[in-house]
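Given next are the chains, with one letter for each unit.
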Amino acid sequence: MEQIVTFASLLTPLVTSLVQLLKRTFPIRKRFIPLISFFIGIFIGLFAYPFTDMTADFRVWSGGLAGLAATGLYEVGKRGTGRLGRSRKAG
């Protein structure tokens, strides 16, 4: 289990950046972003076999977790920045 979480933690920034690249390149509806992020994470996890000795199912789990974490990480960052920006304008 520790391997899955560690590998997912390493994949999360990569998945976040790829999703942002896709969002800026193609018009994607906001409601599909978590699903796209999830599948990008699975794809990256599955094809990361040269970098780890984990089995394919562990890499898929790690990638899926990384995709979901990437969506959450982006949303937390966006909301955190938005609140800070609003409080400065209000004050």
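Shown above is the structure to which this text applies.
Notes on the structure in this doc start here. Note that this is a predicted model, so its numbers are computed, not measured.

## Comments concerning the overall build of the chain
Looking only at helices and strands, the chain has three helices and zero strands in total. In the chain, the order of α-helices and β-strands from amino to carboxyl end is α-α-α. Out of the 91 residues in the chain, the part that is buried amounts to 30%. Sequence separation of 24 or more characterises 67% of the internal contacts of the chain that already satisfy a separation of 6 or more. As presented, the chain carries roughly 6600 Å² of accessible surface, and 68% of it is formed by carbon and sulfur atoms.

## Comments concerning the environment of Leu65
Following the sequence through the fold, Leu65 ends up in helix α3 (residues 56-90). Sequence-wise, Leu65 and Val5 are 60 residues apart; in three dimensions their C-alpha atoms are separated by 8.0 Å. Those residues in contact with Leu65, other than ones at most four positions away along the chain, are Ile4 and Ala8.

What counts and how
- Residues numbered from 1 in each chain as written.
- Predicted model: local features only at pLDDT ≥ 70, side-chain atom pairs only at ≥ 80, totals over all residues.
- Heavy atoms only, no water.
- Helix = DSSP H or I, 4+ residues; strand = E, 2+ residues; numbered from the N terminus.
- Buried < 20%, exposed > 50% of the residue type's maximum accessible area, 1.4 Å probe, protein only.
- Contact = heavy atoms within 4.5 Å.
- Areas by Shrake-Rupley, 256 points an atom, 1.4 Å probe, with all protein chains shown as cover.

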